There are 2 protein chains.
Amino acid sequence: MSKGERTRAAILDQALAMTSTDGLTGLTIGTLADRLGMSKSGLFAHFGSKEQLQAAVLERAAELFADTVVRPALAQPRGLPRVLGLFENWIAWTMDPVLPGGCPIQAASIEFDDRPGPIQDLIVKQQEDMRRVVIGATRRAVEEGHLRADLDVEQFAFEGISLCYGFTQSYRLLKNPKSEVWARNAVHGLIDRARVRQ
Amino acid sequence: MSKGERTRAAILDQALAMTSTDGLTGLTIGTLADRLGMSKSGLFAHFGSKEQLQAAVLERAAELFADTVVRPALAQPRGLPRVLGLFENWIAWTMDPVLPGGCPIQAASIEFDDRPGPIQDLIVKQQEDMRRVVIGATRRAVEEGHLRADLDVEQFAFEGISLCYGFTQSYRLLKNPKSEVWARNAVHGLIDRARVRQ
DNA sequence: TTGACAATAGTACGACCGTTCGTATTATTT
DNA sequence: AAATAATACGAACGGTCGTACTATTGTCAA
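Described in the following lines is the structure provided in the data block.

How each quantity is defined
- Residues numbered from 1 in each chain as written.
- Chains lettered and ligands numbered in written order.
- Predicted model: local features only at pLDDT ≥ 70, side-chain atom pairs only at ≥ 80, totals over all residues.
- Heavy atoms only, no water.
- Phe/Tyr/Trp six-rings, centres within 6.5 Å; stacked < 30°, edge-to-face > 60°.
- Helix = DSSP H or I, 4+ residues; strand = E, 2+ residues; numbered from the N terminus.
- Buried < 20%, exposed > 50% of the residue type's maximum accessible area, 1.4 Å probe, protein only.
- Contact = heavy atoms within 4.5 Å.
- Buried area = accessible area lost by both parts, 1.4 Å probe.
- Salt bridge = Lys/Arg side-chain N within 4 Å of Asp/Glu carboxyl O.
- Polar contact = N/O pair within 3.5 Å; in protein donor to acceptor, adjacent residues only side chain to side chain.
- Nonpolar A, V, L, I, M, F, W, Y, C, P; charged D, E, K, R; others polar.
- Near = heavy atom within 4 Å.
- Least-squares fit on C-alpha atoms with pLDDT ≥ 70 in both.

## Some points on the packing of aromatic side chains
Phase 1 of the analysis: With the rule as written, the count across this model stands at twelve aromatic pairs over all chains.
Phase 2 of the analysis: Note on A:W90 and A:Y165: the rings are 6.1 Å apart at their centroids and 80° apart in plane angle, and the pair reads as edge-to-face. Here A:W90 is found in helix α5 (residues 80-95), whereas its partner A:Y165 is found in helix α8 (residues 153-173), with 75 residues between them in sequence.
Phase 3 of the analysis: A relative accessible area of 5% means that A:W90 is categorised as buried.
Phase 4 of the analysis: A residue is classified by how much of its surface remains accessible, and A:Y165, at 6% relative accessible area, is buried.
Phase 5 of the analysis: For the ring pair B:F87 and B:F156, a centre distance of 6.2 Å and an interplane angle of 50° mean the geometry is tilted.

## Observations concerning the interface of chain A and chain B
Phase 1 of the analysis: Contacts between the two partners involve 43 residues from chain A, matched on the other side by 43 residues from chain B.
Phase 2 of the analysis: Buried surface at the junction of chain A and chain B, summed over both partners, amounts to about 3,600 Å²; 58% is from carbon and sulfur atoms.
Phase 3 of the analysis: In terms of surface lost to chain B, no three residues of chain A exceed A:F158, A:L173 and A:W182, which account for 19% of the buried area on that side.
Phase 4 of the analysis: At the surface where chain A touches chain B, the tally comes to two salt bridges.
Phase 5 of the analysis: Between A:K178 and B:E154 there is a salt bridge; the shortest N-O distance is 2.7 Å.
Phase 6 of the analysis: For the pair chain A and chain B, the number of links is twelve residue pairs in polar contact (both at pLDDT 80 or more).
Phase 7 of the analysis: Elements with a contribution of two residues or more to the side of chain A that touches chain B: α1 (3-26), α6 (104-111), α7 (118-143), α8 and α9 (179-194) of chain A.
Phase 8 of the analysis: Per-element tally for the side of chain A that touches chain B: the top contributor is α8(A), with 13 residues.
Phase 9 of the analysis: For the side of chain A that touches chain B, a count of residues per class yields 15 nonpolar, 15 polar and 13 charged.

## With respect to the protein's contact with DNA strand D
Phase 1 of the analysis: Around DNA strand D there are 19 residues in total, and A:T7, A:S39, A:S41, A:H46 and B:K50 lie nearest to it.
Phase 2 of the analysis: Of what DNA strand D places within 4 Å of the protein, 64% of the atoms are sugar or phosphate.
Phase 3 of the analysis: Contact between DNA strand D and A:S39: a phosphate oxygen at 2.8 Å from a main-chain N or O atom of the residue.
Phase 4 of the analysis: Every element with two or more residues in the surface near DNA strand D is listed here: α1 and α3 (40-44) of chain A together with α2 (29-36) and α3 (40-44) of chain B.
Phase 5 of the analysis: A breakdown of the residues in the surface near DNA strand D according to their chemical character gives four nonpolar, twelve polar and three charged.

## Some thoughts on the protein's contact with DNA strand C
Phase 1 of the analysis: Residues in close proximity to DNA strand C total 21 residues, the closest being A:K50, B:T7, B:S39, B:S41 and B:H46.
Phase 2 of the analysis: For DNA strand C, the backbone portion of the atoms within 4 Å of the protein, that is sugar and phosphate, comes to 60%.
Phase 3 of the analysis: Contact between DNA strand C and A:K40: a base nitrogen at 3.0 Å from a side-chain N or O atom of the residue.
Phase 4 of the analysis: With respect to DNA strand C, the backbone of A:K50 contributes an N or O atom lying 2.6 Å from a phosphate oxygen.
Phase 5 of the analysis: Elements with a contribution of two residues or more to the surface near DNA strand C: α2 (29-36) and α3 of chain A together with α1 (3-26) and α3 of chain B.
Phase 6 of the analysis: For the surface near DNA strand C, the class distribution of residues is five nonpolar, twelve polar and four charged.

## Focus: the relation of the copies chain A and chain B
What relates the pair of chain copies is a rotation about an axis plus a shift along that axis.
Phase 1 of the analysis: Its rotation angle being 180°, the transformation that places chain A on chain B also includes 0.0 Å of axial translation and leaves an RMSD of 0.0 Å. As the rotation angle and translation indicate, the two copies are arranged about a two-fold axis. Scanning chain A for the C-alpha nearest the rotation axis identifies A:S162, at a separation of 2.8 Å.
Phase 2 of the analysis: Interface overlap between copies is the fraction of interface residues in one copy that are interface residues in the other; for chain A against chain B it reaches 100%, indicating a shared surface.

## Examining the pattern of salt bridges
Residues and elements named next belong to chain A.
Phase 1 of the analysis: All told, the structure shown has 27 salt bridges over all chains when counted by the stated rule.
Phase 2 of the analysis: Residue R78 is joined to E144 by a salt bridge in which the shortest nitrogen-to-oxygen separation is 3.9 Å. Here the residue R78 occupies a position in the loop between α4 (50-74) and α5, and E144 occupies one in the loop between α7 and α8, the gap between them amounting to 66 residues.
Phase 3 of the analysis: The exposure class of R78 is partly exposed, given its relative accessible area of 42%.
Phase 4 of the analysis: Its relative accessible area of 37% is what places E144 among the partly exposed residues.

Structure (structure tokens):
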């Protein structure tokens, strides 16, 4: 790992934290450089433009999400444990103090939902990737016989993902201590209703 | 209605549209004045500070939300129709082209969930007001015997509100044409499960 | 119609934005 | 050790930001 790669990684770590609280637009090259004790221009040279910096931050966030949420869940035995793992890890991710201001991708998706361009395209791609992961795991659970054969997996994914979003709102902004219980109850209820009745 | 009040209202209408797409931070006095064909300073004089402008925009948004979502729902017969009305109107509100960029309050709540201050306080208050409205209507539906007596109304509200948020995501960013059907199905399912079994 | 005051415009400010440039320093390769 | 590439720096650019002042215009009752 060269020196450049190392500082680039350090920059992205700090940028991720900053984006998490201030958003991709609030992420500013000057203050980011200050926090890292380096010059604006030196930092800038690593990315070439603010937009490319934003894209790099999003990609780093997606990596972190994959490491924290997706991969551990997919390491579970296939079928229902994976589906449950996805949601449980997602809830934990939302509470993870590593990102002081909550999931940067979720924040960015609202920030950019009306600003077409490469950043929006990237966010849409990331969100649809995640949707596909949930749908895939759910479909697998149906095939395994854990969930009902007539389950509408897209509807299921919509509801599950919505609950994770709602949890962010309730936990991050309203700071309601019951949020976690509500979210877990809701997710477990969603899964229970999708279970095969015996 | 004096001249000042009229222009102030016109400013807020335009500011609301701008906030809806660009967020409360992206809302900028200069371009707002340009779009209204007036000077920065002339506009500025109406509010005294950007923060007060932001607060006024939020209050205007809440009024609009109350007129579009809450009041028509509360005009329904008490009990289940009101609860259903709230969610149906909320879904319609999210699709309403009056706000070109979706609900400004929802956008603001993610924008400000890590920026303490008077604006965050106002957003929290608005969100909790809305939560109280949902909970109140639901509790009423329980009292009327439309919904199960043992229903956890807070859990119910959490799930319903989460679905409305998830719908925004799916409809506004991903532009998935199935979003509306998913959201309606989910809300109706939520209500059906809360119904008294006969 | 005039006088008082509200409403708007004009101008200027300091701060910060993303970006560019030339240059110095440090790593890496030869 | 020399040559070259990779990194980082400081200063400056044109712009835009929110805000402060002052001047001008418009409104409306007496």
